[in-house]
There are 2 protein chains.
Amino acid sequence: MKFRYSNWASGMLKSNIAGFLTAAKEPGMLSLCPGVPFPAAYPTEKVVEITGSLIESNPEAIFPYGHPQGTLRCREAVAYRMKKRGADIKPENIVMTAGSQNACDMVMRMILDPGDTLIIEAPTFLGVLDSIKSWGLNLVEVPIDNDGIMTDVLREKLSQLHSEGIRPKAVYLMSNYHNPASIMLSTERRKELPGIAEEFDCYIIEDDAYSELQYDDVDQRAVKAYDTYDRVLYLGSFSKLVSPGFRVGWGVVPDELVDTWNICRPMFDVGSPQLNQEIVAELHRDNWLDGHIQKLIGGYRSRRDALLDALDEYMPDDVTWTKAHGGFYSWVTVPDNVDLDSLIKTALKNKVIYFTGNFFYLDNRHHNHLRLCYSRPDEDVIVEGVKRLAAALKEEMAK
Amino acid sequence: MKFRYSNWASGMLKSNIAGFLTAAKEPGMLSLCPGVPFPAAYPTEKVVEITGSLIESNPEAIFPYGHPQGTLRCREAVAYRMKKRGADIKPENIVMTAGSQNACDMVMRMILDPGDTLIIEAPTFLGVLDSIKSWGLNLVEVPIDNDGIMTDVLREKLSQLHSEGIRPKAVYLMSNYHNPASIMLSTERRKELPGIAEEFDCYIIEDDAYSELQYDDVDQRAVKAYDTYDRVLYLGSFSKLVSPGFRVGWGVVPDELVDTWNICRPMFDVGSPQLNQEIVAELHRDNWLDGHIQKLIGGYRSRRDALLDALDEYMPDDVTWTKAHGGFYSWVTVPDNVDLDSLIKTALKNKVIYFTGNFFYLDNRHHNHLRLCYSRPDEDVIVEGVKRLAAALKEEMAK
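Note that the structure is a prediction, hence the values are computed from the model and not measured.

## Notes on the overall build of chain A
No. 1: The secondary structure content of chain A amounts to 13 helices and 14 strands.
No. 2: The C-alpha atoms of chain A give 21 Å as radius of gyration, which agrees with the globular expectation for 399 residues (21 Å, within 12%).
No. 3: Once the C-alpha set of chain A is aligned to its principal axes, its extents read approximately 65 × 60 × 55 Å.
No. 4: Put simply, of all contacts in chain A between residues at least 6 apart along the chain, 76% involve residues at least 24 apart.

## A closer look at the relation of the copies chain B and chain A
No. 1: Note on the identical chains: chain B maps onto chain A by a rotation of 180° and an axial translation of 0.0 Å, with an RMSD of 0.0 Å. Here the two chains are linked by the operation of a two-fold rotation axis. Relative to the rotation axis, the C-alpha of glycine 52 of chain B is the closest in chain B, positioned 3.0 Å from it.
No. 2: Most of the interface of chain B is mirrored in chain A, where 100% of its interface residues again form contacts.

## Side note on the interface of chain B and chain A
No. 1: The partner chain A presents 61 residues to the 61 residues of chain B that form the contact.
No. 2: Elements with a contribution of two residues or more to the side of chain B that touches chain A: helix H1 (7-13), helix H3 (44-57), helix H5 (100-111), helix H6 (126-132), helix H9 (255-269) and helix H10 (274-282) of chain B.
No. 3: At 9 residues, the largest contribution of residues to the side of chain B that touches chain A is made by H9 of chain B.
No. 4: Its residues assigned to classes, the side of chain B that touches chain A shows 33 nonpolar, 18 polar and 10 charged.

## Observations regarding the sheet that holds strand E13 (residues 355-356) of chain B
Residues and elements named next belong to chain B.
No. 1: If you trace the 4 strands from one edge of the open sheet to the other, you get E10-E11-E14-E13, paired in antiparallel fashion. Looking at the sheet topology across the chains shown, the edges are occupied by strand E10 (320-321) and E13.
No. 2: In this structure, E13 lies alongside strand E14 (residues 369-373), joined through 2 bridges in antiparallel fashion. Of the residues in E14, the one forming a bridge with phenylalanine 355 is arginine 371.

## A closer look at the packing of helix H9 (residues 255-269) of chain A against H5 of chain B
The description of two helices packed together rests on the angle between their axes and the distance between the axes.
No. 1: The contact between H9 of chain A and H5 of chain B brings their axes to 5 Å, and the two run at 85°. Taken together, the axis directions place H9 of chain A and H5 of chain B in an arrangement best described as roughly perpendicular. On H5 of chain B, the residues touching Met267, Phe268 and Asp269 of chain A of H9 of chain A are Gln101, Asn102 and Asp105 of chain B.
No. 2: Here the residues of the contact of H9 of chain A with H5 of chain B are counted per class, giving 2 nonpolar, 2 polar and 2 charged.

## Describing the domain arrangement of chain A
Residue and element names in this part refer to chain A.
No. 1: Per the domain assignment, the segments making up chain A are domain 1 (18-35 + 290-397) and domain 2 (58-286).
No. 2: Using only C-alpha atoms to locate each centre, domain 1 and domain 2 end up separated by 27 Å.
No. 3: When residues of the side of domain 1 that touches domain 2 are traced back to their parent elements, those giving at least two are helix H11 (288-314) and strand E11 (329-333).
No. 4: Looking at which element gives the most residues to the side of domain 1 that touches domain 2, the answer is H11, with 6 residues.

## Side note on unusual backbone geometry
Residues and elements named next belong to chain A.
No. 1: In this model, alanine 122 is joined to proline 123 through a cis peptide bond whose omega is 0°.
No. 2: Structurally, proline 123 can be placed in the loop between strand E3 (117-122) and helix H6 (126-132).
No. 3: Here the residue pair asparagine 179 and proline 180 is connected by a cis peptide bond, since its omega of 20° sits within 30 degrees of zero.
No. 4: Along the chain, the position of proline 180 falls in the loop between strand E6 (170-174) and helix H8 (187-199).
No. 5: Despite not being glycine, serine 182 shows a phi value in the positive range, around 55°.
No. 6: In this fold, serine 182 is placed in the loop between E6 and H8.
No. 7: Serine 182 gets classed as buried once you count the C-beta atoms within 10 Å, which come to 26.

## Side note on the environment of asparagine 368 of chain A
Residues and elements named next belong to chain A.
No. 1: Summarising the element assignment, asparagine 368 is placed in the loop between strand E13 (355-356) and strand E14 (369-373).
No. 2: Along the sequence, asparagine 368 and leucine 296 sit 72 residues apart, while their C-alpha atoms lie 31 Å from each other.
No. 3: Asparagine 368 has contacts with Thr333, Val334, Pro335, Asp336, Val338 and Gly357, leaving out every residue within four places of it along the chain.

## Concerning helix H7 (residues 151-163) of chain B
Residue and element names in this part refer to chain B.
No. 1: An ideal rise of 1.5 Å per residue puts 18 Å on 13 residues; H7 measures up with 18 Å between its terminal C-alpha atoms.
No. 2: Inspection of H7 places Thr151, Leu154 and Leu158 among the buried residues, and these make up the whole buried set. Take H7 and look down its axis: the buried residues cluster within an arc of 50°, on one side only. In this structure, H7 carries Asp152, Glu156, Ser159, Gln160 and Ser163 as exposed residues pointing more than 90 degrees from its buried face.
No. 3: Looking at the residues trailing H7, positive phi occurs at glycine 165, about 80°.

## Re helix H4 (residues 72-84) of chain A
Since there are 3.6 residues in each turn of an α-helix, residues three or four apart along the chain are aligned in direction.
All names here are of chain A.
No. 1: With 13 residues, H4 should reach 18 Å at 1.5 Å per residue; the first-to-last C-alpha distance of 19 Å fits that figure.
No. 2: Turning to H4, its buried residues are Cys74, Arg75, Ala77, Val78, Arg81 and Met82. Mapping the buried residues of H4 onto a view down its axis gives an arc of 155°, with all of them on the same face.
No. 3: For H4, the elements touching its buried residues are strand E2 (94-97), strand E8 (232-237), strand E9 (249-252) and helix H10 (274-282).
No. 4: With its phi angle positive at about 90°, glycine 86 sits one or two positions after the end of H4.

## So, the packing of H11 of chain A against helix H13 (residues 379-397) of chain A
Residue and element names in this part refer to chain A.
No. 1: At a minimum axis separation of 9 Å, H11 and H13 run at an interaxial angle of 30°. It follows from the interaxial angle that H11 and H13 lie roughly parallel. Handedness of the crossing formed by H11 with H13: right-handed. Two secondary-structure elements touch here, H11 through Ser302, Arg303, Ala306, Leu307, Ala310, Leu311 and Tyr314 and H13 through Glu379, Ile382, Val383, Val386, Lys387 and Ala390.
No. 2: Of the residues contributing to the contact of H11 with H13, the split by class is 9 nonpolar, 1 polar and 3 charged.

## Points about the environment of asparagine 179 of chain A
Residues and elements named next belong to chain A.
No. 1: You can see asparagine 179 is positioned in the loop between E6 and H8.
No. 2: The exposure class assigned to asparagine 179 is buried, which follows from the 24 C-beta atoms found within 10 Å.
No. 3: Between the C-alpha atoms of asparagine 179 and phenylalanine 360, which are 181 residues apart in sequence, the distance is 9.0 Å.
No. 4: Non-local contacts of asparagine 179, meaning those with residues more than four positions away in its chain, are made with Gly35, Phe125, Met174, Gly327 and Tyr329.

## Some thoughts on the sheet that holds E13 of chain A
The strands making up a sheet associate through backbone hydrogen bonding, with each pair oriented either parallel or antiparallel.
Residues and elements named next belong to chain A.
No. 1: Strand order in the open sheet formed by 4 strands is E10-E11-E14-E13, with antiparallel pairing between adjacent strands. Of all the strands in the sheet, just strand E10 (320-321) and E13 have a single pairing partner and so form its edges.
No. 2: Bridge analysis of E11 against E14 gives 5 bridges, and the strand direction is antiparallel. Bridge assignment links tryptophan 331 to a residue of E14, and that residue is arginine 371.

## Side note on the pairing of strand E4 (residues 138-145) of chain A
Residue and element names in this part refer to chain A.
No. 1: Relative to E4, E3 is paired through 6 bridges, and the arrangement is parallel. Bridge assignment links alanine 122 to a residue of E4, and that residue is proline 143.
No. 2: You can see the chain leave E3, run along H6 and come back into E4, and the turn it takes is right-handed.
No. 3: Summarising the sheet, E4 and strand E5 (residues 148-149) pair through 2 bridges and their orientation is antiparallel. The partner of aspartate 145 across the bridge, within E5, is glycine 148.

Criteria and cut-off values
- Residues numbered from 1 in each chain as written.
- Chains lettered and ligands numbered in written order.
- Predicted model: local features only at pLDDT ≥ 70, side-chain atom pairs only at ≥ 80, totals over all residues.
- Helix = DSSP H or I, 4+ residues; strand = E, 2+ residues; numbered from the N terminus.
- Rg over C-alpha atoms; globule rule 2.2 N^0.38 Å.
- Contact = placed C-beta atoms within 7 Å.
- Least-squares fit on C-alpha atoms with pLDDT ≥ 70 in both.
- Nonpolar A, V, L, I, M, F, W, Y, C, P; charged D, E, K, R; others polar.
- Pairing = 2+ DSSP bridges.
- Axes fitted to C-alpha atoms, helices over the stretch in contact; angles between N-to-C directions.
- Parallel < 35°, antiparallel > 145°, perpendicular 65-115°, else oblique.
- Domains from an automatic or database assignment.
- Buried ≥ 20, exposed ≤ 12 C-beta atoms within 10 Å, placed from the backbone.
- Expected span 1.5 Å × (residues − 1).
- Arc of directions from axis to C-beta.
- Left-handed = near helix turned anticlockwise from the far one by under 90°.
- Right-handed = clockwise from strand over helix to strand, strands pointing away.

So this is what it looks like as structure tokens:
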């Protein structure tokens, strides 16, 4: 039989990333692809230490059905994290989810219908882009520069759309350590965005999954911190601070959305598991997690430095890259005449794999970018990866 | 501001169940509403005993991102459970989810578009009905009788729809201990259904969340056990066998859907947390969970008997009810002239609450049914609840 999929699932089947990633599994392949923590980043020992007595001391918080917003202790822990991001948020406005992708999916389902207009950054996060591509939305790209989403272009597009009778529902953006572009939204633009949303009656969906993994002294306060209009729906995650396998993320939603969330959430999955939330909350006791995050920062900063130093040393002239202040990535720009399809083939031959920039744009056309991820490999492996990539690039540039 | 919801979320706001359930929280209210386990049903001690060493022995299975289908050990445990339900299923065809509601939501998103036709039972499960009501689907009800969905009516409706050029995508049904009707699909109909799906090129979505909580000797083999055509998408859950707060459920999907699942699943939530799945898998060691399920059956059977005996003793003539062979419910039929809106008010005055039957039908109109749930209260509380309800009924019938 020919399986009868929804339009959305049929659209997903056209995605070429799955096939791409099988190449990463070939023996000897050095991967600068997936944005995952380095193996020693997981708090195994501490979790083993606390979990038994955590369950024993309050099984009622773990075994029965829970609140659709998640456990109160975990929402209090999130409120603490939000304060570190400059935003004073009550646990009442926090909703726990199975990671920030899950929060994004649910928030978008609560505000977007097929035919609605959603503004996205160009480039933007692959995971969200891939999903919403086949929702039947009208997706409008606004470019980013070194200071994040270009607010003048955003305002212009919104005006133009409104003049055509089209009222976008939301703007999906990343404020910190942008994935893939690894840039920071400027403080000025952070301050400006909630007012733009208010003016055009839309929402900012702020995806801040890498927040607090900050390696330099930069402003990483959330756009939400400046949201006097309650126009920002904030998405956060413990995937990079604790463990992606725990699937604990959150949303911060305006008062008006809270009751609706509690009615809608049971329809998706009833709620997220409480055990994982309670473990995350318990890791906050005596600020243990803050100390752990400092160790993570050390591990990631040293990997970031290894990458940037290797790029300096091995990359040919005319190649540039962003200098990540946090997060997992660097965004490399190669000369326009380099054929990216040919480059990835040569790179794979050289046993190194990365994400080609096309994936991060709606049109999937030729763009002269590569995303390198330094979060997982050890420093010497990162250096070796850059060497292999630089050799491939030189081979292509000589063609 | 007026929040700009999606049509789906706007539709959800019209649901009246949330308001209804706040009444259940009034002091002294005796609730026969929610389908949740009795407090002693949770395997707290065992989970405390196993969890620390489980995490310690294999942190790689728990902390990093996992497979979109879930952990292999947990899928092997599910394969074991499926065998108890008469179906020989490979772990390769099993997908782990955050409960069966979550599995249902994801499976439906992978096959249904607005405008598509979905066949549902009348009555059907409130949780799914409430969600899909505002998906923009063409929902067609097929009645159930004491032997489950009426396959002759189903065939007739499918023929008629096909003759109109409408090709329903799926039939959503419950095979065991139907919620709310507490009936069993007959063996004959179980055998018949996959062939009907094949004939009309659609799928059976079999929701079997209460399976194995079987109190009498009845055939509870899944429709999936008879599915020679690979037309049944089966949904199962550990919510009632282990803990609803763990959010561990599953789907069984045909070969053709597996790859698509692995592409689509990351878009929803990347995957379900592994810790919970590994705990559930570990509970299968030395068949510990089988013994635990026997204890649960003892606890639920005794509650079921208390309810049925009390109904026998206290209910007025002309009131009938289904005799549950498993699961959590009994479905009470009151005389047609009883005003259900008035009855629930009198019942609330008498400090007992239950679900009015309307909620379980698409049209939400007058139906002469009540759903009583006996899973959580102790036996004496169940008896007291039935007394209060019987008094309310007598008062209404005398009007």
